[in-house]
Amino acid sequence: MDTIDRSTLPSPLKKGSEVILTIESAAFNGQSVARYDGMAVFLTGCVPGDTVRAMVTKKKKSFAEARLLEVLTTGPERIPPRCKYFGDCGGCKWQNLEYKAQLYWKRQHVVDAFERIGGFDEVDVKPTLGCDEPFWYRNKMEFSFSSNRWLTASEIESGEEFRKDFALGLHAPGRFDKVIDVNECFLQSPESNRILNATRSFALDHQLIPYSTRDHQGFLRNLVIRTSLATGEIMVVPVTADTNPPLMDKYVKHIQENVPEVTTIVLAVNRKKAQVAFSEELYVLYGPGTITEQIAGNTFTISPFSFFQTNPKQGNKLYEQALLAADLTGEEKVWDLYCGAGTITLAAARQAETVVGVELNEGAVLDARANAVRNNTPNASFIAGDLKDVIAELEGGTSSTPRPDVVIVDPPRAGLHLDVVSSLLRLLPERICYVSCNPTTQARDCGLLTEAYNVEYIQPVDMFPQTYHIETVAKLVRKS
Ligand SMILES: C[S@@+](CC[C@H](N)C(=O)[O-])C[C@H]1O[C@@H](n2cnc3c(N)ncnc32)[C@H](O)[C@@H]1O
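Residues numbered from 1 in each chain as written. Predicted model: local features only at pLDDT ≥ 70, side-chain atom pairs only at ≥ 80, totals over all residues.

1. Observations concerning the domain arrangement of the protein chain
Size of an interface: often given as the accessible area lost when the parts come together. For the protein chain, the domain assignment lists domain 1 (6-73), domain 2 (110-133 + 311-478) and domain 3 (140-293). One C-alpha centre belongs to domain 2, the other to domain 3, and the line joining them spans 34 Å. (Domains from an automatic or database assignment.)

Next comes the structure, spelled out in structure tokens:
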């Protein structure tokens with residue numbers, strides 16, 4: 001019998017030591033969690049149920065971090081990742097976890113957030129609504145050119161010589177200066193991969209130089225590809241540091257020959273130093289310069305950089321859930337706050353008396369107004385401005401914006417501004433439908449709103465398979 005009192009021994013959990021860990025759960029940020037002598041240890045590259053050998057890299061008072069050295073036994077839900085860049089590219093951290101398990105852990109994150117952050121004892125979190133096809137679901141990808149190629153572990157192991165001054169692909173995690181040269185990605189579509197590879201061969205054949213953030217020299221910056229699920233249209237947007245019409249004529253011909261499915265090509269020129277795939281200097285090189293998508297029964301025109309849900313199939317499910325939570329009968333006055341280009345606003349307009357959308361981005365509001373005309377929803381109107389200011393002005397109600405019976409909110413990751421929460425608690429609509437891409441801020445805000453509201457249920461919807469991100473719809477009903 002072991003009579004050693006382990007509490008008197010120095011803990012082996014110190015920086016640099018090797019430990020054997022069994023993974024207990026998948027954490028919210030894509031890391032895994034194990035416990036050692038009761039202390040949480042965070043590490044990446046593992047799935048729940050794995051037993052691993054790891055090296056401790058950080059030891060704090062209440063937690064430690066470790067680096068995976070070897071998987072000793074695999075958890076029951078571990079699967080081989082489909083993509084050869086898995087582990088090097090930061091895009092799909094959960095590709096080694098069965099899809100069913102991904103849905104389970106996403107729901108668990110929502111439960112944890114509402115209990116830990118929102119202070120809820122019991123909350124009805126429904127099972128996550130998953131995707132029928134957990135690959136090929138994105139309608140937009142942004143690839144980067146770089147003169148600083150990041151070699152993957154398998155590229156290094158292969159012993160092959162690689163050209164390091166050119167890459168077209170995706171950033172290595174946390175390395176905004178380095179890019180993995182990607183020739184196959186399972187997130188968008190096979191056509192997207194063909195466009196990516198045709199663009200790379202064109203750039204190499206013409207000896208084009210990627211833009212460098214070190215000396216701000218070079219021509220090629222990004223490649224944005226957008227597709228429409230409803231119409232099959234494809235838009236290609238090369239982002240360059242300058243114009244070059246004869247070269248771009250050749251590029252258009254090259255793409256038409258290699259990927260005839262492409263319906264439009266727009267050149268975006270970014271002359272600024274900031275490395276963002278965005279520009280207002282646009283030149284339509286081929287086709288109409290836009291594509292058309294349908295969501296929640298409405299039609300939307302998408303220009304090169306306009307905001308649009310990136311997974312339209314699941315977007316339909318999300319908006320269906322939002323309308324279910326809003327529970328409209330045709331007679332309500334609705335406010336849709338943080339409305340973007342009006343996708344939810346227009347869907348709600350078909351089931352309400354009036355809907356007013358509020359949005360900070362003026363371009364998105366112009367798109368929203370055009371979308372309302374295009375979809376024949378005259379009962380939808382839009383206000384551009386910072387919501388915390390706009391809502392304060394609207395609180396008393398105006399003839400064009402009467403006080404709402406129902407409010408829909410869909411804020412960015414940071415959640416609701418405290419002033420917006422306070423306004424909602426004064427406005428007291430009958431129902432609030434809270435759409436969120438971040439359960440931690442949603443839980444915090446719902447906790448504050450319990451002063452006057454019951455959270456009836458939360459419906460998680462998986463918009464981003466293979467990642468730990470989760471979108472949720474919470475239905476809040478005013479206390480009687
Ligand atoms: C998650 S998106 C919601 C988009 C829209 N509901 C949809 O489904 O397409 C959040 C939106 O909030 C807008 N936004 C961010 N900060 C804002 C603020 N302070 N006031 C108003 N809108 C804001 C962003 O521009 C963005 O369009």
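Having seen the model, we can carry on.
2. Some thoughts on helix H3 (residues 190-205)
In this model, H3 (16 residues) spans 23 Å end to end at C-alpha, consistent with the 22 Å of a helix rising 1.5 Å per residue. Every buried residue of H3 is listed here: Ser192, Ile195, Leu196, Thr199, Arg200 and Ala203. Looking straight down H3, one finds that the buried residues subtend no more than 130 degrees of arc, so they occupy a single side. Facing away from the buried side of H3 by over 90 degrees, the exposed positions are Pro190, Ser201, Leu204 and Asp205. Packed against the buried residues of H3 are strand E6 (140-146), strand E7 (167-172), strand E9 (220-227), strand E10 (234-240) and helix H4 (245-258). Once H3 ends, the next one or two residues include Gln207, with phi positive near 50 degrees. (Helix = DSSP H or I, 4+ residues; strand = E, 2+ residues; numbered from the N terminus. Expected span 1.5 Å × (residues − 1). Buried ≥ 20, exposed ≤ 12 C-beta atoms within 10 Å, placed from the backbone. Arc of directions from axis to C-beta. Contact = placed C-beta atoms within 7 Å.)

3. Notes on helix H10 (residues 439-449)
The complete set of buried residues in H10 reads Pro439, Gln442, Ala443, Asp445, Cys446 and Leu449. Where the residues of H10 are buried, they touch helix H1 (99-116), helix H9 (418-427), strand E19 (431-436), strand E20 (453-461) and strand E21 (471-478).

4. Notes on the sheet that holds strand E2 (residues 32-36)
Within the closed barrel, the five strands sit side by side as E1-E2-E3-E5-E4. Their pairing is mixed. Each adjacent strand pair in this sheet contributes to an overall mean axis angle of 50 degrees, direction not counted. In this sheet, E2 lies alongside strand E1 (residues 18-26) in antiparallel orientation, the contact comprising three bridges. If you follow Ser25 over to E2, its bridge partner there is Val33. (Pairing = 2+ DSSP bridges. Axes fitted to C-alpha atoms, helices over the stretch in contact; angles between N-to-C directions.)

5. Description of the pairing of strand E8 (residues 175-181)
Bridge count between E7 and E8: four bridges; the pairing is antiparallel. The residue of E8 that forms the bridge with Leu170 is Ile180. The turn linking E7 back onto E8 is made up of two residues, and Gly174 within it adopts a positive phi angle of 75 degrees.

6. A short note on unusual backbone geometry
Across residues other than glycine, the phi torsion is negative in most instances, and most of the peptide bonds are trans. A positive phi angle, close to 55 degrees, is found at His216, a residue other than glycine. Within the fold, His216 resides in the loop between H3 and E9. Exposure remark for His216: the 10 C-beta atoms within 10 Å place this residue in the exposed category. At Leu428, a residue that is not glycine, the phi angle is positive and equals roughly 50 degrees. Mapped onto the fold, Leu428 is located in the loop between H9 and E19. On the basis of neighbour count, Leu428 is assigned to the partly exposed category, with 14 C-beta atoms found within 10 Å.

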